[in-house]
Amino acid sequence: MSEQQAPRRIGYLGPAGTFTQQALRRLYPDAEETWAAPGVEAALDGLRSGEVDRAVVPFENSIEGGVSSTLDQLIHGLPLVITRETHIAVEFALVVREGTTREDIRRVSTHPVAMAQTREWVARNLPGVELIPESSTARAAALVGAEVYDAAISAALAAEVHGLVVLEDGIADHRGAVTRFVELARGDVPPPPPTGADTTTMVAFIRDNRPGALLELLEQFAVRDIDLFRLESRPTGQGIGKYCFTIEAVGHIAEPRLAEALVGLKRTCAQVRFLGSYPRADGVVQPVADEAGPTAYREAQDWVTRLQGRA
Ligand SMILES: O=C(O)C(=O)C[C@]1(C(=O)O)C=C[C@@H](O)C=C1
């Protein structure tokens, strides 16, 4: 079996009981060797150093948008690529030590993305409590067990894992929130074959900030009939106003239109980082106009080749 089919060891954002662990179980129902990393950065460091062969981390939340801690780790450092994704419905519970009542709660902890999704509920139901961010919802739960906090906002599963009880269930501000998780591999792993329902993720650093620079970048996709479904700017860390763009497009690098768009980006941007082509979790196939399909590209390329007198 190739390395791509059978990764040996898989890292994930731990400890046990995170939503990320649920994503890992969905992606690897029979995983034998897993490693609960203490944070996204540690999980990706472990992947880069070869300690694990794949890492599963949160990437985007339907309420909060891109998970900055993950995006920022992918922008710099040894290249990593996304090879798969999955969506998990996030349902939060307020978990406490046995015997704790609402009146006892002073300090509540959770992951910042979970905090953003439950802030209104907390303000309404636990006015005046102190909210403290932790590296994951399950770590917050573990620290409730260790009596560092009075309550955590986590998956109900985390209560079970860390010897706590659920005081309130279904506490989200917005029903139906979903988090998208990705499986990452080291940058030399080739993309999985195209399925017809694929996503390509990349990061572009524009050369200099001038009028029309972003439009020029977007043109690479527009003229090739490529649908973009997420465009997010992140600071490069190189000074105020220095940003790069995370771009997510419908299609696979094996398709000529996507490959050409990447050629265009590479020519016109200061730097481009390819973050993978992989199957969409929802399997939705978006139709491609005839003139942007592989046959049109092949015919046009053959025509140019003939004109060049090379065929
Ligand atoms: O802390 C966890 O349990 C995670 O898996 C992380 C994470 C995230 O980063 O978005 C996952 C889902 C929820 O939206 C909140 C937190």
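Everything below is about the structure printed above this text.
What you see as residue numbers is a count from 1 along each chain, following the sequence as written. Predicted model: local features are reported for residues with pLDDT of at least 70 only, side-chain atom pairs are reported and counted for 80 or more only, and whole-chain, interface and lining totals are derived from all residues. To obtain the side-chain values, all non-hydrogen atoms of the structure were included, while hydrogens and water were left out.

*Asks:* Residues and numbers for the overall build of the protein, please.
*Replies:* Only DSSP runs of H or I covering at least 4 residues are called helices, and only runs of E covering at least 2 are called strands; the numbering of each starts at the N terminus. What the protein contains, in helices and strands, is nine helices and 15 strands. The C-alpha extent of the protein, read off along each of the three principal axes, is 85 × 50 × 35 Å. For each residue, the accessible area found with a 1.4 Å probe, counting protein chains only, is set against the maximum for its type, and the residue is called buried under 20%, exposed over 50%, and partly exposed in between. Burial statistics for the protein: of 311 residues in total, 48% are counted as buried. Any two residues whose heavy atoms approach within 4.5 Å at even a single point are treated as in contact. Within the protein, counting contacts between residues at least 6 apart in sequence, those at least 24 apart form 75% of the total. Surface exposure of the protein reaches about 14,900 Å², of which carbon and sulfur atoms provide 51%. Side chains of the protein give 31 positive and 42 negative charges; the mean places of these two sets differ by 5 Å. Using a 1.4 Å probe, accessible areas were evaluated by the Shrake-Rupley method; residue-level cover was limited to the displayed protein chains. Asp and Glu are treated as the negative residues and Lys and Arg as the positive ones, with His and the ends of the chain left uncounted. Lys charges are placed at NZ, Arg charges at CZ, Asp charges at CG and Glu charges at CD.

*Asks:* Help me get a handle on the site of the ligand, residues and values and all.
*Replies:* The near set for a molecule or strand comprises every residue that places at least one heavy atom within 4 Å of it. Phe 19, Thr 20, His 111, Thr 137 and Thr 179 are the nearest of the 16 residues found near the ligand. Counting of polar contacts relies on pairs of N or O atoms within 3.5 Å, with two restrictions inside protein: one atom must be capable of donating a hydrogen and the other of accepting it, and residues adjacent in sequence are counted only when both atoms are side-chain atoms. Phe 19 places a main-chain nitrogen or oxygen 2.9 Å from an oxygen atom of the ligand. Contact distances for the ligand include 2.5 Å between an oxygen atom and a side-chain N or O atom of Thr 20. Counting atoms within 2 Å of the grid points, the majority share of the ligand lands in the largest cavity. Taken together, the elements giving at least two residues each to the shell around the ligand come down to helix H1 (19-27), strand E3 (54-61), helix H4 (112-125) and strand E11 (178-186). Sorting elements by how many residues they give to the shell around the ligand places H4 first, with three residues. Under the grouping applied here, Gly and all other residues not named as nonpolar or charged are polar, the nonpolar ones being Ala, Val, Leu, Ile, Met, Phe, Trp, Tyr, Cys and Pro and the charged ones Asp, Glu, Lys and Arg. Of the residues contributing to the shell around the ligand, the split by class is eight nonpolar, eight polar and no charged. Only protein atoms enter the 1 Å grid used here, on which a cavity is any set of points holding a 1.4 Å probe that cannot leave and a pocket is any open set flanked by protein within 12 Å on both sides along at least five of seven lines; residues with an atom within 4 Å of a point are listed as lining. Whether a molecule lies in a cavity or pocket depends on its atoms, and more than half of them have to be within 2 Å of the grid points.

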